[in-house]
Amino acid sequence: MPDYPSWRNRPGSFTTQKSVKHKRRHILRIVKQLNIYLPLRRPVVVLTSRQLSKKDGDCCVIGRKFQIRVSKELPVSQAIDVLLHEWAHALSWDACEGKVVNSRRISDYEFDRLAHGPKWGIVYSRVYQCFAFEIWPCLQVEDFNAAILARMGRQR
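Residues numbered from 1 in each chain as written. Predicted model: local features only at pLDDT ≥ 70, side-chain atom pairs only at ≥ 80, totals over all residues. Heavy atoms only, no water.

1. Here's the deal with the confidence of the model for the chain
In this model, the chain carries an average pLDDT of 80, and 76% of its residues clear a pLDDT of 70 or more. Mean pLDDT values over the elements of the chain span from 65, in helix H3 (residues 93–102), up to 93, in helix H2 (residues 76–91). For residues 1–7, every residue scores under 50 in pLDDT, and the model assigns this stretch 13 contacts once sequence neighbours within four places are set aside. Low pLDDT, under 50, characterises residues 9–16; the predicted model gives this stretch eleven contacts beyond four residues in sequence or across chains. (pLDDT = per-residue confidence, 0-100. Helix = DSSP H or I, 4+ residues; strand = E, 2+ residues; numbered from the N terminus. Contact = heavy atoms within 4.5 Å.)

Okay, here's the thing in structure tokens:
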């Protein structure tokens, strides 16, 4: 098993304006890779928003696009987890949508149960494995190469 969980072990939360921009850039790099490895059937818009009424993130369809929102207040490791969770919802949307549409009135509990059912669980596993074994190592190599190039530029 690779030593990929280093992204989970970063202490603290991003609070400065510079680090908020860094976090957003980092999230967008992951979205770009997710679009390559696990493309969605519809275009996707990923937003970082203020606190989302007791939620860390959500996924919905607006027009012909998926909209994924991730709370700005989250530390980067948790924001990545929320992004992966919501990406799995978008991938499994068609499997869950029919059940919800066919139910006339459902409670929040029933909606949550349908939205996090077995099909979603399989998709979430696929998303997480793709991130852990394909996307995260690729991003680490990019960061390493950028650091080397920056250092070489400083030495000249």
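2. Some words on a nonpolar patch on the surface
The grouping of Phe144, Ile148, Leu149 and Met152 at the surface amounts to a nonpolar patch, some 400 Å² of accessible area in total. Here Ile148 lies in helix H5 (residues 118–155). (Patch = residues over 30% accessible without salt bridge, like charges linked within 9 Å, V, L, I, M, F, W, Y side chains within 5 Å. Areas by Shrake-Rupley, 256 points an atom, 1.4 Å probe, with all protein chains shown as cover. Salt bridge = Lys/Arg side-chain N within 4 Å of Asp/Glu carboxyl O.)

3. Thoughts on the sheet that holds strand E1 (residues 44–49)
Taken together, the three strands give an open sheet; going across it, the order is E1-E3-E2, and neighbouring strands pair in mixed fashion. The outermost strands of the open sheet, each flanked by one partner alone, are E1 and strand E2 (57–62). Neighbour-to-neighbour, the strand axes of this sheet turn through a mean angle of 20°, independent of strand direction. Packing against the sheet, H2 makes contact with E1, E2 and strand E3 (65–71), and its axis sits at approximately 160° to E3. (Pairing = 2+ DSSP bridges. Axes fitted to C-alpha atoms, helices over the stretch in contact; angles between N-to-C directions.)

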